[in-house]
Amino acid sequence: MILPIIGLGHPTLRKVAQPVTKDYPNLKELIANMFETMYNADGVGLAAPQVDLSIRLVTIGVRPYNEKTDTYGEPTDVHVLINPEILEFKGEKEYFNEGCLSVPDIHEDVLRPERIVMHWWDENWEEHTEEIDGLFARIAQHEIDHLDGKVFTDRLSPLRRTMLKRRMNDIVNKKVHTKYRMK
Ligand code: ZN
């Protein structure tokens with residue numbers, strides 16, 4: 001089931017999300033719905049607060065798009081993060097162009113460490129502590145920000161944020177059109 005996504009200005013996006021407990025009702029179904037919602041919106045990561053659930057749950061998956069056939073290939077970097085926690089930042093900080101389903105039509109370069117050591121549980125409640133890098137590390141950091149009530153535009157310079165102010169206000173005032181459903 002595709003869930004509506006909330007945008008900038010919705011209070012749930014600014015809350016610190018609560019840990020997921022093992023008895024959380026219908027967790028498997030929620031995870032499946034989050035993947036469906038994420039892929040439907042052409043997203044590569046989705047945090048539960050973006051579907052108005054203030055819990056520490058994230059789905060990640062990158063589907064390669066084939067322009068010629070207008071189809072998607074098998075996703076890579078597929079992960080479910082339950083209660084993820086960054087234990088250590090490593091490597092150099094680098095810029096990467098980020099977007100967010102809750103901040104439609106805005107894409108900006110964001111500076112983050114290239115590698116992290118992360119602890120999390122997966123959808124089978126298997127525990128992981130791994131050093132990760134590349135796209136996985138980038139998306140995980142963006143999504144963990146959501147669990148802490150932050151969005152990527154918070155990490156831009158004050159000047160850049162001022163320049164984006166009008167467009168961000170349009171999102172808050174629901175004046176942007178998206179091909180996926182927002183509430
Ligand atoms: Zn986001």
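The sections below set out a description of the structure shown in this document. (Residues numbered from 1 in each chain as written. Predicted model: local features only at pLDDT ≥ 70, side-chain atom pairs only at ≥ 80, totals over all residues. Heavy atoms only, no water.)

## Some words on helix α2 (residues 134-147)
Part 1 of the reasoning: Its 14 residues give α2 an end-to-end C-alpha distance of 21 Å, which sits within 8% of 20 Å, the value for a rise of 1.5 Å per residue.
Part 2 of the reasoning: Among the 14 residues in α2, 12 count as buried, and that is most of the element.
Part 3 of the reasoning: Those residues of α2 lying buried are Phe136, Ala137, Arg138, Ile139, Ala140, Gln141, His142, Glu143, Ile144, Asp145, His146 and Leu147.
Part 4 of the reasoning: Summarising the contacts, the buried residues of α2 are in contact with β1 (45-47), β2 (57-62), β5 (76-100), β6 (103-121) and β7 (127-132).
Part 5 of the reasoning: Just past α2, the residue Gly149 takes up positive phi, approximately 80°. (Helix = DSSP H or I, 4+ residues; strand = E, 2+ residues; numbered from the N terminus. Expected span 1.5 Å × (residues − 1). Buried < 20%, exposed > 50% of the residue type's maximum accessible area, 1.4 Å probe, protein only. Contact = heavy atoms within 4.5 Å.)

## Examining the pairing of β2
Part 1 of the reasoning: Taking burial as the measure, the six residues of β2 include six buried ones, the bulk of the element.
Part 2 of the reasoning: Because side chains alternate across β2, one face comprises the buried residues Leu57, Thr59 and Gly61, and the other comprises Val58, Ile60 and Val62, equally buried.
Part 3 of the reasoning: Pairing analysis gives three bridges linking β1 to β2, with the strands arranged antiparallel. Within the sheet, the bridge partner assigned to Ala47 lies in β2 and is Val58.
Part 4 of the reasoning: Where β2 meets β5, five bridges bridge the pair, whose relative direction is antiparallel. (Pairing = 2+ DSSP bridges.)

## Comments concerning the pattern of salt bridges
Pairing of side chains with opposite charge becomes possible as their charged atoms draw close.
Part 1 of the reasoning: Across all of its chains, the model carries 13 salt bridges by this definition.
Part 2 of the reasoning: Linking Glu131 and Lys90 is a salt bridge whose minimum nitrogen-to-oxygen distance equals 3.1 Å. Taken together, the positions of Glu131 in strand β7 and Lys90 in strand β5 put the pair 41 residues apart, joining distant regions of the chain.
Part 3 of the reasoning: A salt bridge links Arg138 to Glu98, with the nearest nitrogen and oxygen atoms 2.7 Å apart. Here Arg138, found in helix α2, pairs with Glu98, found in strand β5; they are 40 residues apart in sequence, far enough to count as distant.
Part 4 of the reasoning: With relative accessibility at 7%, the residue Arg138 sits in the buried group.
Part 5 of the reasoning: Look at Glu98 and you get buried, because its relative accessible area is 4%.
Part 6 of the reasoning: Each of Glu98, Arg112, Arg138, Asp145 and Arg155 takes part in one network of salt bridges that share partners. (Salt bridge = Lys/Arg side-chain N within 4 Å of Asp/Glu carboxyl O.)

## Some points on the sheet that holds β2
Part 1 of the reasoning: Strands sit in the order β1-β2-β5-β6-β7 across an open sheet of five strands; the sheet is antiparallel. If you trace the sheet from one side to the other, it starts and ends with β1 and β7, each paired once. Going from strand to strand, the sheet's axes swing by 50° on average, the running direction of each strand aside.
Part 2 of the reasoning: Together, β1, β2, β5, β6 and β7 form the strand contacts of α2, whose direction differs from that of β5 by roughly 110°. (Axes fitted to C-alpha atoms, helices over the stretch in contact; angles between N-to-C directions.)

## With respect to the coordination of the zinc ion
Part 1 of the reasoning: Cys100 (SG), His142 (NE2) and His146 (NE2) make up the full set of protein donors to the zinc ion, lying at 2.1 to 2.2 Å.
Part 2 of the reasoning: Sequence positions of the residues that donate to the zinc ion give the spacing C-x41-H-x3-H. Of the two residues, Cys100 is situated in strand β5 and His146 in helix α2; the sequence distance between them amounts to 46 residues. Both residues of the pair, Cys100 and His146, count as buried. (Donors = N, O, S within 2.8 Å, 3.2 Å for Na, K, Ca; no water.)

## Topic: the nonpolar core
Part 1 of the reasoning: Judged by nonpolar contacts, the single largest core of 20 residues is most densely connected at Met34 and Leu57.
Part 2 of the reasoning: Elements supplying a minimum of two residues to this core: α1 (27-40) and β5.
Part 3 of the reasoning: For this core, the element with the highest residue contribution is α1, accounting for seven residues.
Part 4 of the reasoning: One finds Met118, Trp120, Phe136 and Leu147 within the second-largest nonpolar core, a separate group that totals 15 residues. (Core = buried A, V, L, I, M, F, W, Y, C linked by side-chain atoms within 4.5 Å.)

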